[in-house]
Each structure stands twice: as structure tokens, then as C-alpha cells.
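Here is what each chain is made of, one letter per residue.
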Amino acid sequence: MTTTRRMGTTALTAILAAATVIGLPPAALAVPGDPPPPLFLDEVGSARTLSFPGATGEMSLSLPIPGDLVPVALRGVTESPAFVGGGTIDVVQGDRILSRTPIDPAPNAPIELPLNGIETEGAAADLRILTRLNVDNTCVINPDNAFRIIDTQVEYAGREAIPQTVADFLPPVLRQLTLYIPDDVRQEEGAAAVSLAAAITAHYGSAHPRIVTASLPRASMTPPTAPGPLERQIVISTDRPAGLGIGPGPEGSTFLTIGGAADQLATQSTLLVSDLAQIAVASAAVAGPQPAVAQLAPTVRTLSDIGVGDTTVVSTGWPEITIGIDQTRLGRPATGVRVELAGSYTPTGSGVIAVRAGERTIATIPTDDSGSFDTFVDIPDDVLRRYTGVTVTLENAEAPAGCLDGPRSSLSLSSAGEIVSTTADPPPAGFVSLPQALLPWTQLAWTTGDVADVARAVSIVTALQQLSAMPLDISVVDMATAASSALPAILIAADGTGLPDPALPVTSDGSTITVRASDGSDQQLSLTPQLSYGALQVIRDGDRTLLIADSTGSPGDLDQLLARMSADGLWSSADGEAVLQVAGREPVVVDVDVDAAEIAMTEESSTGIGPIVVGALAAAGLLLVAALLFLRRRRRPTADATPATGTGTASNTTDTDTTGTDETTTGP
């Protein structure tokens with residue numbers, strides 16, 4: 001049995017040889033990269049949409065500064081409410097106004113915000129974007145009809161320097177990373193690719209670089225093409241010398257190699273994202289043994305930790321702030337969640353601060369002449385979801401809700417408020433428990449371990465890491481070890497064979513589909529012709545959670561599903577126990593209790609409508625929907641961490657996650 005664990009980064013023995021880049025002529029080192037294309041803001045770790053829910057608004061934006069590149073403009077498309085007659089947008093850095101741009105009130109008007117004279121010292125440039133809208137009545141503006149800039153991009157000028165040392169290899173902005181593994185990949189090489197993909201995803205936080213898995217002949221492990229701007233290539237092979245090295249690539253480019261004996265490969269890969277990589281200023285470095293230290297989610301976090309910024313709202317109606325409590329950022333399946341709400345407000349003489357989760361009022365805070373509040377609010381477990389919206393409203397008796405010319409009042413919320421929670425045991429069923437139920441240690445096993453399996457594992461692990469504020473600690477083991485372990489696990493059986501014998505929510509022998517409800521009862525439905533699909537299923541196995549990727553003998557359907565999961569945001573929005581994919585069809589999310597009950601009701605119906613519906617849908621080619629009858633395609637909004645919105649004049653910072661993937665890629 002071979003086990004490879006992603007190590008911690010608390011110790012290092014490094015040999016930093018003062019050498020030139022391996023085999024690269026000195027003249028080639030000066031060849032710069034091409035200018036990068038405009039980047040969407042989610043590619044640099046911010047929200048692609050900038051929202052200003054007030055007649056005057058302010059938003060903070062931090063732009064990373066890759067070496068030798070300078071941001072010169074922000075571009076996007078405006079969405080102006082019908083009652084907005086124009087206005088201006090200022091971009092401010094420190095106490096300097098970089099630009100002032102008029103707002104075109106026409107629908108879908110393009111806009112460009114110049115960044116004239118931006119200062120780029122350090123790793124990032126911190127900006128403030130201020131809006132002033134021409135409106136007759138500020139009360140009509142709320143988060144549902146706010147002024148927005150959508151599909152916002154940043155344009156960089158300059159030419160990227162080609163990395164020459166390990167320390168410089170990863171840029172502040174990474175568009176794409178290609179992991180090259182041998183075409184006869186060994187388990188340790190595949191495990192290193194999986195661990196490295198998770199570590200780099202965690203390293204870039206809310207900016208999600210596309211991660212591609214590719215293979216090369218073991219005897220010729222040099223990338224065939226040069227990487228694009230802000231792209232990197234890494235070759236992983238046990239046949240390479242131990243450690244990390246920079247090698248020459250096509251067209252004057254460079255790539256990183258990670259090598260070493262089988263029992264050393266994972267250790268070498270951890271150096272790249274270690275803080276100690278910054279001292280690896282030569283072209284090669286070797287990491288020594290490092291202890292495995294998983295990060296446990298703290299019991300107490302702050303709103304700032306989960307992406308909620310300081311927020312202030314001013315309104316002539318009832319000022320309102322909405323925040324999101326995201327369990328994936330808490331780092332555990334949570335119960336007993338308490339949130340500290342602290343801030344200030346305009347004393348109103350009479351009124352309350354109402355706190356709601358969804359449509360339910362969960363607390364009211366009396367107001368007084370102090371103009372401040374600081375209290376803990378319990379979020380009931382029955383309203384707690386993976387992403388729970390909490391709305392804080394100053395209900396002013398002197399200015400009833402609605403659009404009035406009432407007194408202006410303000411409401412602010414501090415990002416320093418604490419969030420206290422405990423671990424839910426057992427966690428909620430299905431996808432809503434991911435990735436929390438897999439933290440902090442998770443095993444991963446595949447049945448074949450070929451290049452395609454490694455690519456699937458990279459896709460799954462990267463997508464889960466993108467959802468989590470805590471790093472995933474992944475151990476790649478054989479299937480027998482994962483089956484008998486007490487740890488959570490990700491099991492990949494692309495052709496549906498070789499799995500242990502878990503009680504999957506949905507199974508099929510080709511012509512009969514079985515949906516197993518949570519009480520263990522089965523409902524079956526037969527269908528002709530036979531059905532094949534790829535599936536991702538989440539089950540509870542004793543005291544642990546298993547995520548299983550399989551198919552009914554059709555690995556291509558599983559690959560299509562993995563691509564759609566990220567492209568459609570299903571990793572964050574799915575709330576059932578299984579997601580199924582038939583070739584050429586939309587993925588279907590299965591809630592076993594609801595759907596098993598629907599099958600049972602249809603089979604017991606005396607009208608015969610069930611067979612009629614099934615036959616009609618099958619004839620139309622909608623085999624999966626037919627097989628599962630009236631399964632709903634749950635298209636709930638992705639739990640983007642859009643942390644705070646408000647009604648009135650708002651100052652907030654937003655952060656969102658967007659993911660896209662293809663069969664062997666993960667990222668936008």
C-alpha cells in the first residue's frame with residue numbers, strides 16, 4: 001500500500017544553488033512575455049460585478065500587480081435603473097483622484113475607467129470607486145435595482161518577465177497552470193499533481209486559475225508549446241532530479257520541474273507554495289522532510305474572515321444591510337451558529353433593528369440614543385444552509401418603509417463581529433455538506449490511476465478547494481485503504497467498477513434505475529432503451545462522508561459532468577445527494593427522499609400516467625429526466641460570497657467565486 005500525503009510547510013532544508021537557468025542561453029533570458037489580455041475581475045480575486053446600491057456609493061477594490069505590468073483601465077458594461085439620469089464615477093487611490101468618468105444612462109452602455117498615474121509599489125494597488133447618481137428620490141434605490149458595472153475587466157500594460165528562479169515562478173495573477181505528468185503516470189506522480197493543484201488553488205484564494213492536466217512521453221518531458229501571458233507550466237516526474245528546478249521551454253519560455261524519488265515527490269511540491277519559496281532565488285531548490293500539519297477550522301471566526309467587509313448604508317427609508325454566512329468559509333459543517341452584530345445607526349427616537357434569515361425574523365434589537373449596537377444573534381439550525389443570507393434592517397417608526405421624503409438615517413455593520421459555531425455531527429446530507437465534511441483530512445482513491453483519473457481527481461479537488469477557506473489535506477491511497485478507513489474519502493471509478501460496496505443514492509444496471517431514500521427503502525423504475533450516465537454522489541458511511549465519482553460504464557459522461565459542475569456552478573448550488581449526467585443533456589440534481597417518493601406515487605397511481613410520461617419523455621430523448629420522472633433541475637443561485645449589500649448609500653467590499661472547467665481543466 002502506497003500513501004502520499006500533502007505535507008505542511010513548517011520546516012525546510014534547502015539547497016539553493018547559485019546557478020543560471022538550466023541549459024538556457026543568456027540571451028534568451030531577456031525575451032519578455034506578451035502583454036496579457038484584459039482580465040475579468042474574478043480572475044484577480046474580486047467580484048466581476050460592481051454594485052452600488054445608493055445615490056452615492058463607494059466600493060473598495062484591490063488590484064494585484066504582476067511584475068513589470070501596470071493596470072491602466074477598468075472596463076465593463078453599465079446597468080442603470082430607469083430612474084437614473086446619469087452621474088459620475090471616481091476612481092481614487094489614497095487621496096488622489098485617478099479619473100472621473102460620466103455615466104451614460106443608456107441600457108448596457110460600455111464604460112471605461114482610466115487608472116491614470118496609478119502607483120504600483122508593492123504587490124497590489126488599493127483603490128476606491130465612488131459613484132454619484134442623478135436621481136430624484138434616493139429611496140427608490142435598493143439592492144434589487146442598484147447601479148452596476150457588469151463583466152468588469154482590468155487591462156494591464158507592459159510585458160511580463162519570464163521567471164528565472166523558483167521564488168519568481170508563481171505570479172501574483174495566474175490565468176492558467178498546466179500540470180504535465182508522464183503518460184505512464186505512477187501513483188506518486190499523480191498524487192503530487194493532485195496535492196499541488198489543491199495547494200495552488202488555496203494559495204490564490206478567491207482568484208481561481210484554470211488548472212489543466214496533460215501528459216507527455218516519459219522520455220521527453222518538455223512542454224511542446226510556450227505558455228501564454230500569466231500562464232505557467234509544471235512538469236512532475238520521479239525521473240527528474242530531486243527538488244524544484246527551472247528549465248528552458250519553447251520560444252524562450254521557462255517551465256518548472258518537480259522531481260525526486262517516489263517517497264519525496266510530495267515533499268518537493270510543497271515548497272512552491274510555501275512562504276519559504278520566497279528565499280529560493282536560484283534556479284533550483286530541494287525541500288527536506290516536512291511534518292504533516294492539517295489546519296483545523298477555528299471555533300470562532302469574524303465576518304471579515306468569511307469575506308464580509310465594513311458596510312454603511314444611508315437611506316430616506318429603512319436602511320438595510322444583507323450579509324452571507326457561508327459554511328464553506330467557516331471550514332466545517334456548522335450547527336449552533338451565533339453571529340455578533342455590531343455597528344452604529346442614526347438615533348431615531350423610536351424603532352428597532354430587525355434581523356432576518358430569509359423571511360423569518362430571528363431577532364430584534366431595541367434602539368436608543370446611543371446610536372450603537374453590539375449583540376449576538378442565534379441562527380436557528382432549521383434555517384441554516386450552506387449559504388444563509390442574514391438581513392439587518394433599521395426600522396424607523398418616523399419613516400415607514402417605502403419611498404418617502406422622510407428623514408435620512410444610516411446603518412453600519414462592522415466586519416469585526418465574531419461568528420461562533422460548533423461542528424454538526426452528522427453533517428447535513430448531500431452536497432450541502434461539501435467541502436466542510438471533508439475537512440481537514442481527506443483520502444482520495446482511484447481504480448485505474450491513469451492520466452484520465454489524475455485529471456478527474458485534479459478537477460474534483462480543485463473545485464472543492466475553491467469552495468473552502470481552509471486548505472484540503474489530501475492523501476492519495478489505494479481503493480482498499482480508502483474503503484476500510486475511518487477518514488472521509490473521494491472515490492473515483494470512472495467506469496463504475498472497482499468500488500467497495502457503498503449504498504449509493506442512485507444506481508442502475510442499465511435498464512433499471514434504483515433511488516434509495518434516506519430511510520433505506522428503494523424505489524425502482526425500468527426504462528427501455530438502456531440508460532447510461534455519469535454521476536457524482538455524496539453518502540454518509542458510518543461517521544464519515546464519501547464523495548463518489550462513477551458512471552454506468554461511460555467515463556465520458558463523468559468527464560462531461562465534471563466540466564458542467566464547475567461551468568454551471570453546481571458544486572456550490574447543488575443541494576441533493578447525487579448529480580447525474582447523460583451525454584448531451586443537462587445535469588440533474590437528485591434529492592433521494594423527494595424523488596423516491598415521486599417514483600412510488602407514480603407507480604401506485606391507477607391512472608397510468610407514470611408510464612405514459614416516461615414513454616413520452618423517452619421518445620423525446622430525455623432519458624435521464626424520464627428515468628427519474630419529475631426531477632427538478634435545481635438551478636438555485638450559486639453561493640457566491642457577495643458578502644454585504646445594502647439599501648441606500650453603501651460602502652462595501654465584495655468577493656465572489658467563479659469557476660469553469662473542461663474535461664481535464666479547472667478554472668474560469
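Above this text sits the structure in question.
Residues numbered from 1 in each chain as written. Predicted model: local features only at pLDDT ≥ 70, side-chain atom pairs only at ≥ 80, totals over all residues. Heavy atoms only, no water.

Sheet topology places strand S21 (residues 351-357) next to strand S22 (residues 360-366); six bridges connect them, and they run antiparallel. Pairing of Ala357 across the sheet is with Arg360, part of S22. Connecting S21 to the antiparallel partner S22 that follows it, the hairpin turn spans two residues, and Gly358 within it adopts a positive phi of roughly 65 degrees. (Pairing = 2+ DSSP bridges. Helix = DSSP H or I, 4+ residues; strand = E, 2+ residues; numbered from the N terminus.)

Right, let's get into the pattern of salt bridges. Within this structure, the stated rule accounts for 23 salt bridges. Here Arg100 makes a salt bridge to Asp90, at a shortest N to O gap of 2.7 Å. With Arg100 in strand S7 (residues 96-102) and Asp90 in strand S6 (residues 87-93), this residue pair connects regions lying 10 residues apart in the sequence. Here Asp90 falls in the buried class, since its relative accessible area comes to 2%. The shortest N-O distance in the salt bridge between Arg186 and Asp239 comes to 3.4 Å. You can see Arg186 sitting in the loop between strand S11 (176-182) and helix H1 (187-203) and its partner Asp239 sitting in the loop between strand S13 (231-237) and strand S14 (243-248), a full 53 residues away along the chain. Several salt bridges share partner residues, and in doing so they unite Asp184, Arg186, Glu189, Arg218 and Asp239 into one network. (Salt bridge = Lys/Arg side-chain N within 4 Å of Asp/Glu carboxyl O. Buried < 20%, exposed > 50% of the residue type's maximum accessible area, 1.4 Å probe, protein only.)

Our next topic: the packing of helix H4 (residues 451-467) against helix H6 (residues 555-567). Packing of H4 against H6 brings their axes to within 11 Å, and their N-to-C directions diverge by 25 degrees. As the angle between them shows, H4 and H6 are arranged roughly parallel. Seen from above, H4 lies across H6 with left-handed handedness. Here H4 contributes Arg456, Ser459, Ile460 and Ala463 to the contact with H6, which in turn contributes Pro555, Leu558, Asp559, Leu562 and Ser566. Of the residues assigned to the contact of H4 with H6, the class counts are five nonpolar, two polar and two charged. (Axes fitted to C-alpha atoms, helices over the stretch in contact; angles between N-to-C directions. Parallel < 35°, antiparallel > 145°, perpendicular 65-115°, else oblique. Left-handed = near helix turned anticlockwise from the far one by under 90°. Contact = heavy atoms within 4.5 Å. Nonpolar A, V, L, I, M, F, W, Y, C, P; charged D, E, K, R; others polar.)

Right, let's get into the pairing of strand S33 (residues 534-541). Burial analysis of S33 places six of its eight residues in the buried class, which makes it a mostly covered element. Relative to strand S34 (residues 544-551), S33 runs antiparallel, the two sharing eight bridges. Residue pairing in the sheet places Leu536 in a bridge with Ala549 of S34.

Our focus in this paragraph is the nonpolar core. Core analysis: the biggest nonpolar cluster contains 64 residues, and Ile234, Phe431, Leu444, Ile460, Leu536, Leu547 and Trp571 have the highest contact counts within it. Here Ile460 is in contact with Ile490, Ile492, Leu536, Leu547, Ala549, Leu562 and Trp571, once residues within four sequence places are set aside. Membership of the second largest hydrophobic core comes to 32 residues, among which are Val44, Leu61, Leu98 and Val154. (Core = buried A, V, L, I, M, F, W, Y, C linked by side-chain atoms within 4.5 Å.)

A word on the environment of Ala73. Position of Ala73 relative to the elements: it lies in strand S5 (residues 69-79). Since its relative accessible area comes to 2%, Ala73 is described here as buried. Ala73 sits 40 residues away from Leu113 along the chain, and the two C-alpha atoms are 5.5 Å apart. When sequence neighbours within four positions are dropped, the list of residues in contact with Ala73 reads Glu112, Leu113, Pro114, Leu115, Gln153, Val154 and Glu155.

Here we take up the side chain of Ser253. Positionally, Ser253 belongs in the loop between S14 and strand S15 (254-259). In this view, Ser253 contacts Ile162, Ala226, Pro227, Gly247 and Pro248; residues no more than four positions away in its chain are not counted.

All right, on to the sheet that holds strand S31 (residues 512-516) then. Where strands meet in a sheet, backbone hydrogen bonds hold them as pairs that are either parallel or antiparallel. Strand order in the open sheet formed by three strands is S30-S31-S32, and the pairing between neighbours is antiparallel. Of all the strands in the sheet, the pair left with one neighbour each is strand S30 (506-508) and strand S32 (522-526). Going across the sheet, the axis of each strand differs from the next one's by a mean of 20 degrees, ignoring polarity. With three bridges connecting them, S30 and S31 associate as antiparallel partners. Residue pairing in the sheet places Thr507 in a bridge with Thr514 of S31.

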